[in-house]
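# Architecture at a glance
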Amino acid sequence: MCPDSFATAINFEYINCAVGVFERNLEVNEMNEHKMEPIPLVDLATQSQAIKSEVLQRMEAVIDAGRYILGEEVGKFESLFAAYCRTSHCVGLANGTDALHLALRALGIGEGDEVITAGNSFAATALAIRYCGAQPVLVDVNEDDFNLDVELVEAAINERTKAIIPVHLYGQPARMDEILGLAKRHDLRVIEDAAQAHGAQIGDRRCGSFGDIGCFSFYPGKNLGAFGDGGAATTQCSELDEHLRLLRNYGQRVKNRHDLLGFNCRLDTLQACVLLTKMSFIEGWTQQRRQVAEWYKEDLQETELQLPQEREGVRHVYHLYVVRHPRRNEIIASLAEQNIHCGIHYPNPLSTAQPFQNCVTLPMGLPRVTKLASEIFSLPMYPEMTREQVARVSSAIRQSLATEVGVR
Ligand SMILES: *Cc1c(COP(=O)(O)O)cnc(C)c1O
C-alpha cells in the first residue's frame, strides 16, 4: 500500500473527530511518511545529477563534431580505464557480455572446449561460453567469499578444459594466486569476469590485470556505469589487444578488408562521454561504498546475519552488499513493509536455467551454490547512502530478526 492511500484511509476514519485529534493524527502520519521514505537497492538518478552538466557538454561536442562511431572519446576513455586497471591495454566494447564473448574468441576457444566458471554467477558469464560453441563447466563456490572453490576447479580440469573464468562476484576478488597457478600448471587461459569489480584489488594489483583478459561491464547499475550499455576488455598483451579491436569492428583491419569473423560490438561514443566524466569520481564513489559497508558492519556484526567477509590483503569494492540468513524471504518482506528494498543476486543457480540444462558439473553438483541461492539477499548499497539510511536498514533488520524468531 502506498503511504498516501494509507494516510487517506486513516484520516477518513477520523473525519468526524474533534479538530484537535484530527490535526494530531495528521502530524503522526507525516512523521510516518518521513520514516517510510523509500530506500532503494540502488539510486542511479542521484549520482547522475552530480555529473550531468559535464556529460552534456561532452555529448554536445560529439554531436557538433559528427564523430559518432569510435570517436576520440572512446580512445580517451580506453587510456584512462587501462591506467585505472593498471593494465597496458583496454578495448571499449558494447557491453560486458560481448567482452566475455570476444575474450573467449580472441583466445581461440570454441567447439569441443570446456570452460570452467562459477555456478553462482550472472547468466551472461555462461551465455558467452555458449556463444562460441564451448561447454560451460559450473563449479561450486566457497561459503565465505562466494567465489570459486579452487580445489573444485582443479577437480573439474580434464583434457578438454581450455580456460577458467573466475568471477569477482559482488566486488570481492576471486583467489587469483591459486587460479593463476592452476592455469599455469595445466596450460589454461584465464579470463576474469570483473563486471562487478571495477577497482577491486589483491595487494596493489587491480582486477582485470591478473588473467589473459579482464572483462568489464558498464551497465548503468555497475560501479562504473554508462547511461545505457557499455563494456570493455583489458589485457597486458598487445596481440590480444589488436585481436579484440578486430573482433569488435567486423574483423576489419582496414576499411572493407575483413580478415576474420568479426562482430559489431564497439563502445558507443556517447556512452564514452559518460564514462570519461565518471572516471574522476570512481575512486571517491568506491571509498563511499566501502564506508557504507563499514557502517553496516558496525550495526549488524552482532546479529545472526552472515555479513560479507573481506579477505585479507584484498580490496572489496562492494558492488553489492550480500548477506545471508536462512529466513531471507521473511526478512526481505518485513523490510519492504518499511519501504526498504532488497535484491537477490541471484535467486537460481546457473545450472537450473534453460540454456545450461546440459552443463557439466562435478558429480556432487552445486550444493553450496544451491543453498546460497535460497539464503542470500542484497541490502541497499550505493555511494550516496547516508549514515541515517544505513541505520534505518539495520534497525529494520534487527527488528525483523527479533520478531521472527518468536514466530517460528
Ligand atoms: C553485469 C554482468 C555481466 C554482463 O554485463 P552486461 O554489460 O550486462 O552485458 C557479466 N557478468 C557479471 C558477473 C555481471 O554482473
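Owing to the predicted nature of the structure, the values given are computational and were not obtained by experimental measurement. (Residues numbered from 1 in each chain as written. Predicted model: local features only at pLDDT ≥ 70, side-chain atom pairs only at ≥ 80, totals over all residues. Heavy atoms only, no water.)

Glancing now at helix H12 (residues 328-337). If you check which residues of H12 are buried, you get Arg 328, Ile 331, Ile 332, Ser 334 and Leu 335. One face of H12 carries all of its buried residues, which in axial projection span an arc of 165°. In H12, those exposed residues whose orientation departs by more than 90 degrees from the buried face are Asn 329 and Glu 337. (Buried < 20%, exposed > 50% of the residue type's maximum accessible area, 1.4 Å probe, protein only. Helix = DSSP H or I, 4+ residues; strand = E, 2+ residues; numbered from the N terminus. Arc of directions from axis to C-beta.)

A word on the domain arrangement of the protein chain. Assigned domains within the protein chain: domain 1 (46-278) and domain 2 (282-407). Contact residues are listed per partner, giving 50 residues for domain 1 and 41 residues for domain 2. Buried area between domain 1 and domain 2, summed over both chains or domains, comes out near 4,000 Å², and the portion from carbon and sulfur atoms is 58%. Contact with domain 2 buries area across many residues of domain 1, yet Leu 138, Tyr 170 and Asn 223 alone supply 19% of it, more than any other trio. Seen at the junction of domain 1 and domain 2, the total is four salt bridges. A salt bridge links Arg 311 to Asp 145; the nearest nitrogen and oxygen atoms lie 3.5 Å apart. On inspection of domain 1 and its partner domain 2, the count reaches 25 residue pairs in polar contact (both at pLDDT 80 or more). Sorting elements by how many residues they give to the side of domain 1 that touches domain 2 places strand E3 (residues 135-139) first, with five residues. (Domains from an automatic or database assignment. Contact = heavy atoms within 4.5 Å. Buried area = accessible area lost by both parts, 1.4 Å probe. Salt bridge = Lys/Arg side-chain N within 4 Å of Asp/Glu carboxyl O. Polar contact = N/O pair within 3.5 Å; in protein donor to acceptor, adjacent residues only side chain to side chain.)

Viewed as axis vectors pointing N to C, helix H3 (residues 44-65) and helix H10 (residues 269-278) meet at an angle of 135°, and their least axial separation amounts to 9 Å. When the interaxial angle is binned, H3 and H10 end up oblique. Handedness of the crossing formed by H3 with H10: right-handed. Residue-level inspection shows Gln 47, Ile 51, Glu 54, Val 55, Arg 58, Met 59 and Val 62 of H3 in contact with H10, the latter providing Thr 269, Leu 270, Cys 273, Val 274, Leu 276, Thr 277 and Lys 278. Residue composition of the contact of H3 with H10, by class: eight nonpolar, three polar and three charged. (Axes fitted to C-alpha atoms, helices over the stretch in contact; angles between N-to-C directions. Parallel < 35°, antiparallel > 145°, perpendicular 65-115°, else oblique. Left-handed = near helix turned anticlockwise from the far one by under 90°. Nonpolar A, V, L, I, M, F, W, Y, C, P; charged D, E, K, R; others polar.)

A large share of strand E9 (residues 231-235) lies buried, amounting to five of its five residues. Neither face of E9 is left uncovered, since the one carrying Gly 231, Ala 233 and Thr 235 and the one carrying Ala 232 and Thr 234 both have all their residues buried. Where strand E1 (residues 89-93) meets E9, five bridges bridge the pair, whose relative direction is antiparallel. Note on E9: the bridge partner recorded for Leu 93 is Gly 231. (Pairing = 2+ DSSP bridges.)

H10 packs onto helix H4 (residues 72-85) with a crossing angle of 40° between their chain directions and a minimal axis gap of 8 Å. When the axis of H4 is compared with that of H10, the two are oblique. H4 and H10 meet at a crossing whose hand is left-handed. On H10, the residues that touch Glu 73, Val 74, Lys 76, Phe 77 and Leu 80 of H4 are Thr 269, Ala 272, Cys 273, Leu 275 and Leu 276. Of the residues assigned to the contact of H4 with H10, the class counts are seven nonpolar, one polar and two charged.

Right, let's talk about the sheet that holds strand E7 (residues 205-206) for a bit. In spatial order, the strands read E7-E6-E12; together these three strands make up an open sheet with antiparallel pairing. Strands at the two margins of the open sheet, each flanked by one partner only, are E7 and strand E12 (314-315). In this sheet, E12 lies alongside strand E6 (residues 201-202) in antiparallel orientation, the contact comprising two bridges. Bridging across to E12, Gln 201 finds its partner in Arg 315.

Backbone torsion omega between His 345 and Tyr 346 reads 15°, so that peptide bond is classified as cis. Considering the arrangement of structural elements, one finds Tyr 346 in the loop between H12 and strand E14 (360-361). Of note in the backbone geometry, Tyr 250 takes a positive phi value of approximately 60° without being a glycine. By the secondary structure assignment, Tyr 250 is in the loop between helix H9 (238-248) and strand E10 (252-254). Here Tyr 250 falls in the partly exposed class, since its relative accessible area comes to 35%. Phi at Asn 339 takes a positive value of approximately 65°, unusual for a residue other than glycine. Along the chain, Asn 339 falls in the loop between H12 and E14. In this structure Asn 339 comes out as buried when scored by relative accessible area, which is 16%.

A few words now on the sheet that holds strand E4 (residues 161-165). The strands that make up a sheet pair up through hydrogen bonds in the backbone, lying either parallel or antiparallel. In space, the eight strands of this open sheet follow the order E1-E9-E8-E5-E4-E2-E3-E14, with mixed pairing throughout. Edge strands, defined here as strands with exactly one partner in the open sheet, are E1 and E14. Strand direction decides the pairing type here: strand E5 (residues 189-193) and strand E8 (residues 213-217), joined by three bridges, are parallel. Bridging from a neighbouring strand, Ile 191 pairs with Ile 213 of E8. Lying over the sheet, helix H6 (residues 123-131) contacts strand E2 (114-118), E3, E4 and E5, oriented at roughly 150° with respect to E3.

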